[in-house]
Amino acid sequence: MELIALKQFVESHDNFEIRVITHSGSRFYQLELEDVEGERHMLTQRGKPMLFRSLDDVYLELKRAGIHRAYLVQHVPQDEMIGRDAHYSEPLTARMPLVF
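The present account deals with the structure reproduced in this document. (Residues numbered from 1 in each chain as written. Predicted model: local features only at pLDDT ≥ 70, side-chain atom pairs only at ≥ 80, totals over all residues. Heavy atoms only, no water.)

## Structural notes on helix α2 (residues 55-64)
Inspection of α2 places V58, E61 and L62 among the buried residues, and these make up the whole buried set. Angular distribution of buried residues about the axis of α2 spans 100°; they occupy a single face of the element. When the buried face of α2 is taken as reference, the exposed residues oriented beyond 90 degrees from it are D56 and R64. Looking one or two residues past α2, G66 carries a phi angle of roughly 90°, positive in sign. (Buried < 20%, exposed > 50% of the residue type's maximum accessible area, 1.4 Å probe, protein only. Helix = DSSP H or I, 4+ residues; strand = E, 2+ residues; numbered from the N terminus. Arc of directions from axis to C-beta.)

## Here we look at the nonpolar core
Ranked by internal contacts, the top residues of the largest apolar core, which has 20 residues, are L6, I18, V20, L31 and L62. Every element with two or more residues in this core is listed here: α1 (3-12), β1 (16-23), β2 (30-35), α2 and β6 (69-75). Counting residues per element, this core draws most heavily on α1, at four residues. If we ignore the near neighbours within four places in the chain, the residues touching L31 are I18, R19, V20, H41, M42, L43, F52, V58 and L62. (Core = buried A, V, L, I, M, F, W, Y, C linked by side-chain atoms within 4.5 Å. Contact = heavy atoms within 4.5 Å.)

Scope: geometric values only; no functional claims are made or implied.
See below:
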C-alpha cells in the first residue's frame, strides 16, 4: 500500500490496525496495516517496502496520515533457541501499544 493510498484508507475507514514491525538486531522499522477483513498491507514506496530508521520517523509519517495509535511488534528469532514459543504467525501476542 502506497502512502497516498494509506491516507485515503484512513479517511474512509475507522476499523483497522497499524503495526510497526522490527526484527531483533535490526535498526529498521516497517509499517503494516491490517484491515477489518484480516488482510495485511505493507506500506510501500514505488512498489518496495518502506523502511524507517527510527520510531520518530515512523511517528512523523503516521501523524501525516492522520494516525495516532499503533502497535510495536518485535520479532526475536532467538526465542526458539532458548525454548520459548516463537510468535511470528501470531503478532498479537507479542505487541506493545504506541500512542503519539
